[in-house]
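Below are the chains, spelled out letter by letter.
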Amino acid sequence: MVGGHWVRGIVDEIIARGEERIVIHTGKTPSGPIHIGAEREQFICSAIQRELERRGIESTFNFIIDSYDPIKSIPAGLTVPKGFEEELGKPLSAVPDPFGCHSSYAHHFADEFIGCQPEFGLSPNIVYSHELYTRPVMKDAIRTVLMKLEQLKAIRRKYLHLPEEDGTADDWNPVMAVCEKCGRIASMKREVIPNKIDSWDLGKDELTYTCSACGHKGQGKIGDLSLKLSWRVDWSAKWAVFRVTCEPAGKDHCVKDGAYDMGLEVCKEIFGYRGPLRVSYEWLTLGEHAMKTHKGITFTPLEWLKIAPPEALRHLILGADPMRHISFLPERIPDIVDNFDRLERIYYGIEAPPPSEDFEYLRDLYALCVRGKPPEYAPARLPYRFAATIVQLEPILGSDKVLAKSVEYAARLHRKPALSEQEASDVARRLSMASNWVNLYAPAQAKFKISTGELDFRISNEAEREFVDAVAGLLEKDLSESDLQNEIFETARSLGIETGKAFAVLYRILIGSERGPRLAPLLLALDRDWVVKRLRSTVQ
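Not measured: the values here are computed from a predicted model. (Residues numbered from 1 in each chain as written. Predicted model: local features only at pLDDT ≥ 70, side-chain atom pairs only at ≥ 80, totals over all residues. Heavy atoms only, no water.)

Undergrad: Tell me about the side chain of aspartate 66, and name the residues and values.
TA: Relative to the elements of secondary structure, aspartate 66 occurs in the loop between β2 (60-65) and α3 (105-114). With a relative accessible area of 16%, aspartate 66 lands in the buried category. Polar contacts involving the side chain of aspartate 66 include one to the side chain of lysine 238, which spans 2.7 Å. Those residues within four positions of aspartate 66 in sequence are excluded, and the remaining contacts are Lys28, Thr29, Pro30, Leu92, Ser129, Asp234 and Lys238. (Helix = DSSP H or I, 4+ residues; strand = E, 2+ residues; numbered from the N terminus. Buried < 20%, exposed > 50% of the residue type's maximum accessible area, 1.4 Å probe, protein only. Polar contact = N/O pair within 3.5 Å; in protein donor to acceptor, adjacent residues only side chain to side chain. Contact = heavy atoms within 4.5 Å.)

Undergrad: Report on the nonpolar core, specifying residues and quantitative values.
TA: Within the largest apolar cluster, 109 residues are counted, with the highest numbers of intra-cluster contacts made by Ile48, Trp304, Phe328, Ile333 and Ile488. Ranked by residue count, the leading element in this core is helix α21 (residues 499-511), at 8 residues. Ignoring any residue separated from it by four or fewer positions in sequence, one finds isoleucine 48 in contact with Val7, Ile10, Val11, Ile14, Ile24 and Cys246. Within the second largest apolar cluster, 60 residues are counted, among which are Ala106, Met188, Cys211 and Ala240. (Core = buried A, V, L, I, M, F, W, Y, C linked by side-chain atoms within 4.5 Å.)

Undergrad: Requested: an account of the pairing of strand β9 (residues 217-221), with residues and values cited.
TA: Summarising the sheet, strand β8 (residues 206-210) and β9 pair through 5 bridges and their orientation is antiparallel. The residue of β9 that forms the bridge with glutamate 206 is lysine 221. Following β8, the chain reverses through 6 residues before pairing antiparallel with β9; glycine 215 in that reversal takes a positive phi of roughly 85°. (Pairing = 2+ DSSP bridges.)

Undergrad: Which residues make up the sheet that holds strand β7 (residues 196-201), and what values go with them?
TA: The 3 strands are arranged β7-β8-β9 in an open sheet whose pairing can be described as antiparallel. One side of each edge strand has no neighbouring strand; the edge strands of this open sheet are β7 and β9. Across the sheet, the mean angle separating the axes of adjacent strands is 20° when strand polarity is ignored. (Axes fitted to C-alpha atoms, helices over the stretch in contact; angles between N-to-C directions.)

Undergrad: Tell me about the side chain of aspartate 341, and please be specific about residues and values.
TA: Within the secondary structure, aspartate 341 is located in helix α13 (residues 333-347). Overall, aspartate 341 belongs to the buried group, its relative accessible area being 5%. With residues up to four places along the chain from it excluded, the contact list for aspartate 341 reads Arg381 and Arg430.

Undergrad: Which residues make up the packing of aromatic side chains, and what are the values?
TA: Aromatic rings in a pair are described by how distant their centres are and how their planes are angled relative to each other. Tallied over the full model, the rule gives 21 aromatic pairs. Arranged with centres 5.8 Å apart and planes meeting at 50°, the rings of phenylalanine 43 and phenylalanine 120 form a pair that is tilted. In this pair, phenylalanine 43 sits in helix α2 (residues 38-54) while phenylalanine 120 sits in the loop between α3 and β3 (125-128), placing the two residues 77 residues apart along the sequence. Here phenylalanine 43 and phenylalanine 120 have matching classes, each one buried. The rings of Phe84, Phe99, Tyr105 and Phe109 are connected pair by pair, giving a single aromatic cluster. Between arginine 314 and the ring centre of phenylalanine 43, over which it is positioned, the NZ or CZ distance is 5.1 Å. (Phe/Tyr/Trp six-rings, centres within 6.5 Å; stacked < 30°, edge-to-face > 60°. Lys NZ or Arg CZ within 6 Å of the ring centre and 35° of its normal.)

Here it is as structure tokens:
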């Protein structure tokens, strides 16, 4: 991609709007654990803000927690107290935390997500919608909707393709009331039925409603009642209230005549604001499965941070055009982290980019992936595959030696006499992440146990004997992981041994199996004298 990262084009469009104050928005409903797919919208907003900062332009980044939405179901796999089903239909902010550690269900899952964001280099302003709706500006938005309801209905009919004579369309009202008696904002008995507004008098600033859950008929002042707008109108109202410049949205909302188009027209015609710049994005899926909180198909940012650095997730997401689908599987973490490390080496000139890749784009991308300003010098990173291998040697090496060997390897790899305190801490953190990955997500072929007992076989094939002896010789050289892996491949080929068979011989010697983890990290993680002696014992 020539000419820098794709975010530059978005920022050009934002600046062309000529607005004095730039406001970037995103939001999420905390209906359960918030998955990493939500980070795509967050990272797009973050990238926009960083590019604006690079150009010397200030902006505001708001993250709306839609805590006033009703709880519609209990997510699959979520353990809740007995009788929790009685909470269905209440605003998420009014539902108790099933774990008892937060003030509400909304705060529990929102805080779990928000608490991770600084690790990913994000610090948006947090706005809870149940608090927002107590402000006069949202009460005024509700009054505006009631005053222009017929105009709003006409817009809705156009986008939802409802006939003019449809009675349900004429009865529609986007204002929802929280029942003063049962606390619900909607009934969930068979389908989601919002509490209905029956009548209103803007002169007296009053309205009446009927609770669809318990049947209670209530009335009161608009300023005093707990009221909310249905989501499409709520979206437009927030755009107008905050004067939002740009808000990313999933591709389903951004199709022609979809929710975003309707929102822009409602924003302009009902609330008098032209609305934000649209940035459409594709899904980040868990393999072939769309992540859905209510179905329990999730992988959260907190889970990510246990197994991989935050910069690697930013790279995974920001390294793809927003409209390109991203499929993520936890077993692919070593590849994902390796890709980020490669980008880092290119940024610092340690590795040249392939001819097909634009250096300016990669430079911009790296700056968007790291937290804050890129360090002056390239950090010494421990390769993730090496970490995932050496942590499995802890039973025979001990944790102290695993750490010491890892620090030594990272220093040698980056040609440094010693690592800084921060670099050594990063090595320890990667070891912890790799250990978690091995225990939780690593495929069977990435797991192993070293065979330390006496070998019960010897190599009789002359070509294989030469191969094993040559590999022992390679280990006596100071080769990098990639160089060692390549040399082993070339040695097998030069001796006319099929590489799979050659590797199987080495695995049998080391782990008593014909398959195992990536070979070079395994050989380098082991004690060199021990592994050289063991290899040569099979050819004598």
